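# Chains, contacts and geometry: an overview
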Amino acid sequence: MVGLTSTARLADLVVLSAEGGTSVAPLSEHEVLVFLVQLALLVGVARTFGWLMKSVGQPAVVGELLAGVVLGPTLFGRLAPDAFNWVFGEPTVTSVVFGISWLGVIMLLVVIGFETDLGIIARFRKAALSVSAGALLLPLAAASSLAFMVPDSFIGPGPGGVGVDRAVFAGFFALAFSVSALPVVAKILQDMGFLRRNFGQVTLAAGMTMDAVGWLILAALSGIALDGFRPDELGISFGGLLIFLVLSFTVFRWLIDRLFRFVMARGSSMTAALSITIVAALAGGAVTQALRIEAILGAYIVGILLAGLRHQLPGVRSILETVTASLLAPVFFAFSGLRVDIGLLDTSDVVVWTVVLILVAIAAKIIGTVMGGFVAGVRGREALALGSGLSALGAMGVVVAIVSLNLGVVSETGYTVMVLAAVTTSLVAPQLLKLVVRGWDIPHEEAQRLNEEEIKETSEILSSRRILIPTRGGSNSRLAAQLVRAVFPSAEVTVLVVDLAKVGFWRRPTRRAEGEPGDPSEVVAQLPEVRVIRRLARDPAVAIASESALGYDLVVLGATETGEGTFSSVIDRVLALIDVPSIVVRMPDGREPGDGLPARILVPVTATRSARAAEEFAYSLAKAAGGRTFALHVVNRPEGQGMMREDPSVEASIADGQELVGAAAAFGDRLGVSVETGVRVAPNAEEEIVAFGNSGAFDLLVLGASTRSLTDRPFYGHRVSYMLSQSELPVAVVSLPPTRTPSVPKH
């Protein structure tokens, strides 16, 4: 991309090598010191200003941009010029920090890609295309008209000092005041909590479209300024982008998914997955950069691609978000603000034109968006919200200004006006957005979706997207599949059938199974869409545990109780080996599940994560079945203590229990189901729960449990084991893994 490669002049210090070639000069001891100080200032001041802005109800990105303005020539450079020159006067150091800032925006776009919902964008694709057209074309027309009237002091000497045509200047100038900065827009939406709103997703789609078109226009303009219009190069950029998009969501997606599976199957986890994510993002950015369409677009596409992979670890996204928000993104936004020097606006004429241009840029963006939205049926506040969000010129405007300056198309004054407009509109956009959405009632359907997403985001198991059901058939697994279909209707379900392999020569497993092969047909029949995998293994528990390590969010098993462990020996070993939340379903001996879902569910509640996970499951199931739930908390009464005898500790426990079941009812209400509650006092909590469940008023008992190892099998605790053995109801045990990471033996 001309805009970035030309900025290498900031690091044009080169030395001759011994062989007569050239190499970039390494940082000296002094430059390393300056680099550390500069980076510390950018991150520290940006994060501080970001926190201050958040504390007064503004997006953090506003403070991060302002931090750059404060640290730049406008304030720091005037108050302490010597210190400013010491910190920011080393071209090589500035070039290094510039590289880090672009690494920051690349990682930010990957994070935003994770948040992008292609389903929502597909629903509003017509609106996104129409809005992007209106939001780009009208500002281009308005800004290009004004470009022919601005003072000559805005125009540069041209490439090589040979002068520049006013029309070429108008093209660059208009583009700088017409683009939208996808990184800044996305960060504003993220900081303000609007990223998952319908209009937020449409804004992202429109911003991505405008960015792609904007980079193509910039490439064409750069070619015109240097060598004349080159349609062949523009065609290569556009065609290359289309090919990259097609390959990204076909071949590249398959390759990256297989790579994730490869490392996860061999015990590698977070570090390897994070490395793959970063390398993929950089590679995607390199491809679009080579196409002269900018690295950030490639990174954004890779983020969307990674979010939809079959094999992935949710923790990768969390780590990437943390590092980006705390270090990389603040460097980018603060560095962007560094380019503003208000002192160059030294005449009233320039000041007036600057104000006019900024106002026209914002107004044209909003009006163009409203016009484009009108064509697609987007009206009222939604159209204004789209226009407000897209009005931020941000990084895109800064890069256009840099390219224009380096090509000699604009002067230092014109460059300052362009950069000031980019920063100012990025500061104004969130204020406009706040005004538009104030008092805006979210449509019921959208509010319901947002509520469900918020619940899933903070839930223990409801966010599960990939579910594994190991089974060889049977009533327990059939009931488990029924419950999975009801509670996780949109999850991707894999049924794993592991048969015992015969041992052949040198004890190598053959392709033949011992005994009858498993028959999952009844289980598969309960699921609308399912993927079936068959395995041969000498140790089924190890085979199941190995498969569960390939990015599954939840393992659901059906198990018949035996006299040896809590469940069958294979299931017990599976639970001891896996590091994934699990649900084990057990039917009472001799019982077969019915065709309908359990409609009367009992769930004991306590102040533990596993109990909350059980509540999530029970309430979601009741909602799907149109049934009811009863949240029960039992307070242990000391042995021998009479029912009427008052005890301060028991009274306090009852009060705590009332608070717990009250919270359970509120949580059920958020999930859309009515929850009956009760607090009981008994000398033995588990006996009371079992007796209440066996009273005939319930169809299912849901228990929360945390597993801990007991030799080679899990141990839920004596209370859970007792309830499993005494319950006359079907039981679902929802278990969260221990904090340790178990090592899974290999075949």
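Heads up: these notes are all about the structure in this document.

Reading the values: the criteria
Residues numbered from 1 in each chain as written. Predicted model: local features only at pLDDT ≥ 70, side-chain atom pairs only at ≥ 80, totals over all residues. Heavy atoms only, no water. Helix = DSSP H or I, 4+ residues; strand = E, 2+ residues; numbered from the N terminus. Buried < 20%, exposed > 50% of the residue type's maximum accessible area, 1.4 Å probe, protein only. Areas by Shrake-Rupley, 256 points an atom, 1.4 Å probe, with all protein chains shown as cover. Expected span 1.5 Å × (residues − 1). Patch = residues over 30% accessible without salt bridge, like charges linked within 9 Å, V, L, I, M, F, W, Y side chains within 5 Å. Salt bridge = Lys/Arg side-chain N within 4 Å of Asp/Glu carboxyl O. Contact = heavy atoms within 4.5 Å.

### Digging into the overall build of the protein
Secondary structure assignment for the protein yields 28 helices and 15 strands. Taking all 747 residues of the protein together, 53% fall into the buried category. For the protein, the exposed surface amounts to about 31500 Å²; the carbon and sulfur share of it is 60%.

### Things to note about helix H25 (residues 609–625)
For the α-helix, the turn length of 3.6 residues means that residues three or four positions removed from each other point alike. An ideal rise of 1.5 Å per residue puts 24 Å on 17 residues; H25 measures up with 24 Å between its terminal C-alpha atoms. In terms of residue burial, H25 counts as a mostly covered element, since 12 of its 17 residues are buried. Inspection of H25 places Ser-610, Ala-611, Ala-613, Ala-614, Glu-615, Glu-616, Phe-617, Ala-618, Tyr-619, Ser-620, Leu-621 and Ala-622 among the buried residues, and these make up the whole buried set. In the stretch just after H25, Gly-626 is the one whose phi turns positive, near 65°.

### Here's the deal with a nonpolar patch on the surface
Taken together, Ile-243, Leu-247, Val-251, Phe-252, Trp-254 and Leu-255 make up a surface patch of nonpolar side chains, about 550 Å² in accessible area. Looking at the secondary structure, you find Ile-243 in helix H12 (residues 231–265).

### Observations concerning helix H19 (residues 412–437)
End to end, H19 covers 38 Å across 26 residues, agreeing with the expected 38 Å (1.5 Å per residue, within 8%). The buried fraction of H19 amounts to 19 of the 26 residues, a majority that puts the element mostly inside the structure. Looking one or two residues past H19, Gly-439 carries a phi angle of roughly 75°, positive in sign.

### Concerning the side chain of Glu-686
Residue placement: Glu-686 occurs in helix H27 (residues 685–693). For Glu-686, a relative accessible area of 13% puts it in the buried group. Aside from chain neighbours lying at most four places away, what touches Glu-686 is Arg-719, Tyr-722 and Met-723.

### What to know about the pattern of salt bridges
As enumerated under the stated definition, the model contains 22 salt bridges in all. In this structure, Arg-78 and Asp-341 form a salt bridge, with 2.9 Å as the shortest nitrogen-oxygen distance. Here the residue Arg-78 occupies a position in helix H4 (residues 76–79), and Asp-341 occupies one in the loop between helix H15 (314–337) and helix H16 (348–375), the gap between them amounting to 263 residues. The class for Arg-78 is partly exposed, based on a relative accessible area of 45%. A relative accessible area of 15% places Asp-341 in the buried class.

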